[in-house]
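Structure at a glance
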Amino acid sequence: MATFLYKLGRLAFRRRHFVALIWVALLTLAGVGAASAPPAGNTSFSIPGTEAQKAFDLLEQRFPGASADGATARVVFKAPGSGKMTDAGNKATVEKTVKELSDGSEVASVADPYTGNAVSKDGTVAYTSVKYKVSGMELEDSSRTALKDAAQHARDAGLTVEIGGDALSAAPETGATEVIGIAIAAVVLVITFGSLLAAGLPLLTAIIGVGIGVSTVTALASALDLGSTTSILASMIGLAVGIDYALFIVSRYRAELTEGHSREEAAGRATGTAGSAVVFAGLTVVIALVGLSVVNIPMLTKMGIAAAGTVVIAVLIALTMIPALLGYAGRRIKPTGEKSRLLGGGRAAKKAQQPARDNMGTRWARFVVRRPVAVLLLGVVGLGAAAVPATSLELGLPDDGSQPVSTTQRRAYDLLSEGFGPGFNGPLMVVVDAKGSGDAKAAFTEVTDSIKGLKDVVTVTPAQPNKAGDTATITVVPNSKPSSSTTEDLVHAIRDAGSGIKAKTDAEVLVTGSTAMNIDVSQKLNDALFPYLALVVGLAFLLLIVVFRSVLVPLKAALGFLLSVMAALGAVVAVFQWGWLSGLMGVEETGPVMSMMPIFMVGVVFGLAMDYEVFLVTRMREAYVHGEQPRQAVVTGFRHGARVVTAAAVIMIAVFSGFIGSSESMIKMIGFGLAVAVFFDAFVVRMAIVPAVLALLGRRAWWLPKWLDRALPNVDVEGEGLRALSSADGREEDREPALA
């Protein structure tokens, strides 16, 4: 591995014009494809294998032309002061608004509140449901404008009017904090390298990689039914790992220059050693992201594959474009310890006359190896305390009730709750398939009567059969809000009652609707979490055995990851569910944690955690296999790697934190969770627990059964094979490469 990448790095250094041209051409091609592609829509939210999805598919089949996947809007009216919606003036305004809403070419139907029992008991609130022929993201701007104009006309007449539903859905915005995150990354790189040019290389290559990845996702969004959040998540992961991977190679390049190698040789050796770690770190991230497909939720699978593709691009750019750009930079990239003139360079000669001082990483490592038990206990107890809130984890999917109070969707949600009860925002749709029943009407009546006798039921509408009369829908309004455990109990109670009805009437009872779908998704994700964890951790464990040629080091890495991810989940619960620091994070509404959060964090955080494990511990193993004692190898690994790993972690935290400013609650939560997880994993697990455990284990940390040692392939991550190469051209006089 190291020898191949060494040759690749030297080739890219020499043929830098060709390499740069290829990547610029790929970026241009992806950009043109993205610009000419139709916009991304809301990905179809299908959940194979769930009862809610089965009922939805049955509706599509038995109620053709019903536009089951069309956009919907609820226009909610409230009378001013002590007035009623049944007052003549208010009624005339609503009827005029209904007529105005019906004029759109994309409108399938508009319900009259006064004939559809859509006025609250106290008469203060009414609503009309607008059904469209196309999905929310396919809706023309003219239709959205007409919807807003109709609501505004009713407001001008004196009514309070708000709009709920997905007809006004828009692509999420990340806000200015994303740019701030990148700016912080730039500052950290400048401090780390002491050079504006050296700091700019990782940023440039990461932006190019993300540009190619996100543009490709955008170009394929319509064809592959990719959601609008897919590209944001791909950019989040791609930008973070792209900067980190380039950072490690540039840092190793400067270290090789310090050893006296020529620039071409240093580029080759940096790519062969740090590049090997990049390859395996990238593989762990890809395994974790692609492994999300085992959950069998198409939306999650697409998000994982898109992000994994961006990671692959980041790895390839780090291995090829970084050596090429190093060739262009020439002497302007200084060896380790030297700064550019702009940042106070030129004092290297004076420093050389002084004895070298231990850096902070060396001093910290020596402290840890002297007191490994105390550091280990403190780290484990601290993470355990942070993980305590995770025991109260409640899962759900966001709805209009989780929107900021400044949005019309949230205000419409609150008005409906005020006028019709909290359960009105999450009605359950019961589908009765009586095709195999001898008396369909009797089956429909049996189901309706059974549901009316259940707890937490406010309203049960009469069965609405299809034209064939073999299938009917029944709407059930719970007494509790959609995200409550009481509503979940009602869904299970209806399904349990359906089992008895099927035995009596041969009619199948299915529960669907957004609330039931959310419950099924949460259950499916819970059921898939441990199999997914076993698959991802198992594959990565085998990969790390190959990398480190040890059994205990990969085991320690996996256990440390579990600590950091549980602590991060605890922080997510504390902020987004309990409301701690919610104002600081811009969380206007607390509630259940998004159902996808635990499994998504497991996948992404595991991949990123293994990055630091590979980069830091490979340096330790490199020192160990070259003859150093185990504890001294830990110190050596920190002397060479702690500064860079710290910079990489700060950069990744800054990038992820930038997404906390997103208008999309899911993106906000993921950005916060990943930032906290990286902090815990990098600074507590990898910087404290890992060296403490390795110091306690000593030589046993690198133990590997002889039969396994013979069976495993030798990937040579430490670059041992490079020592066998002739260094005749590696110590030659440093020549300035030609500039383009």
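Just so you know, these numbers come straight off a predicted model, no measurement behind them.

Within the open sheet, the four strands sit side by side as 2-3-1-4. Their pairing is antiparallel. Lying at the two open borders of the sheet, with one neighbouring strand each, are strand 2 (107-110) and strand 4 (160-164). Taking the axes of each pair of neighbouring strands and ignoring which way they run, one obtains an average angle of 20° across the sheet. Bridge count between strand 2 and strand 3 (residues 125-132): three bridges; the pairing is antiparallel. Residue pairing for strand 3: Val107 is matched across the bridge by Tyr132. Against the sheet, helix 5 (residues 141-156) contacts strand 1 (72-78), strand 3 and strand 4, and its axis sits at roughly 155° relative to strand 4. Strands in contact with helix 14 (residues 408-420) are strand 1, strand 3 and strand 4; relative to strand 4, the strand with the most contacts, it is inclined by about 110°.

So, about the nonpolar core. Counting 172 residues, the largest nonpolar core has Tyr245, Phe561 and Phe656 as its most contacted members. Once residues lying within four places of it in the same chain are set aside, the contact partners of Tyr245 are Val278, Ala281, Gly282, Val285, Val311, Ala314, Val315, Ala318, Asp611 and Phe615. Counting residues in each nonpolar core, the second largest holds 24 residues, with Val94, Ala126, Ala150 and Ile163 among its members.

This part covers the pairing of strand 9 (residues 471-478). Counted residue by residue, strand 9 has seven buried out of eight residues, so it is predominantly covered. Note that strand 6 (residues 428-433) and strand 9 share six bridges and pair antiparallel. Paired with Val431 across the strands is Thr473, a residue of strand 9. Taken together, the three bridges between strand 7 (residues 457-460) and strand 9 define a ladder with antiparallel strand orientation. When the bridges of strand 9 are listed, Val457 appears paired with Pro478.

Closest axis-to-axis distance for the helix 2 (residues 16-36)/helix 10 (residues 298-329) pair is 9 Å, and the angle between their directions is 140°. By the angle between their axes, helix 2 is oblique relative to helix 10. Considering only the axes of helix 2 and helix 10, their crossing is left-handed. Judged by residue contacts, Arg16, His17, Val19, Ala20 and Trp23 of helix 2 engage Ile313, Leu316, Ile317, Thr320, Met321, Ala324, Gly327 and Tyr328 from helix 10. Each residue belonging to the contact of helix 2 with helix 10 can be placed in one class, and the counts come to nine nonpolar, three polar and one charged.

For the protein chain, the mean per-residue pLDDT works out to 82, and 89% of the residues sit at or above 70. A low-confidence stretch, residues 347-355 stays under pLDDT 50, and its non-local contacts, those more than four residues away or across chains, total one contact. In this model residues 726-740 is a low-confidence stretch, pLDDT under 50, and it forms 26 contacts with partners more than four residues away in sequence or in other chains.

This part covers the side chain of Thr320. The topology assignment puts Thr320 in helix 10. A distance of 3.0 Å separates a polar atom in the side chain of Thr320 from a polar atom in the side chain of Trp23. A polar contact is formed between the side chain of Thr320 and the backbone oxygen of Leu316, at a distance of 2.7 Å. The residues touching Thr320, leaving out its near neighbours within four places in the chain, are Leu8, Ala12, Val19 and Trp23.

Definitions and limits used
Residues numbered from 1 in each chain as written. Predicted model: local features only at pLDDT ≥ 70, side-chain atom pairs only at ≥ 80, totals over all residues. Heavy atoms only, no water. Pairing = 2+ DSSP bridges. Helix = DSSP H or I, 4+ residues; strand = E, 2+ residues; numbered from the N terminus. Axes fitted to C-alpha atoms, helices over the stretch in contact; angles between N-to-C directions. Contact = heavy atoms within 4.5 Å. Core = buried A, V, L, I, M, F, W, Y, C linked by side-chain atoms within 4.5 Å. Buried < 20%, exposed > 50% of the residue type's maximum accessible area, 1.4 Å probe, protein only. Parallel < 35°, antiparallel > 145°, perpendicular 65-115°, else oblique. Left-handed = near helix turned anticlockwise from the far one by under 90°. Nonpolar A, V, L, I, M, F, W, Y, C, P; charged D, E, K, R; others polar. pLDDT = per-residue confidence, 0-100. Polar contact = N/O pair within 3.5 Å; in protein donor to acceptor, adjacent residues only side chain to side chain.

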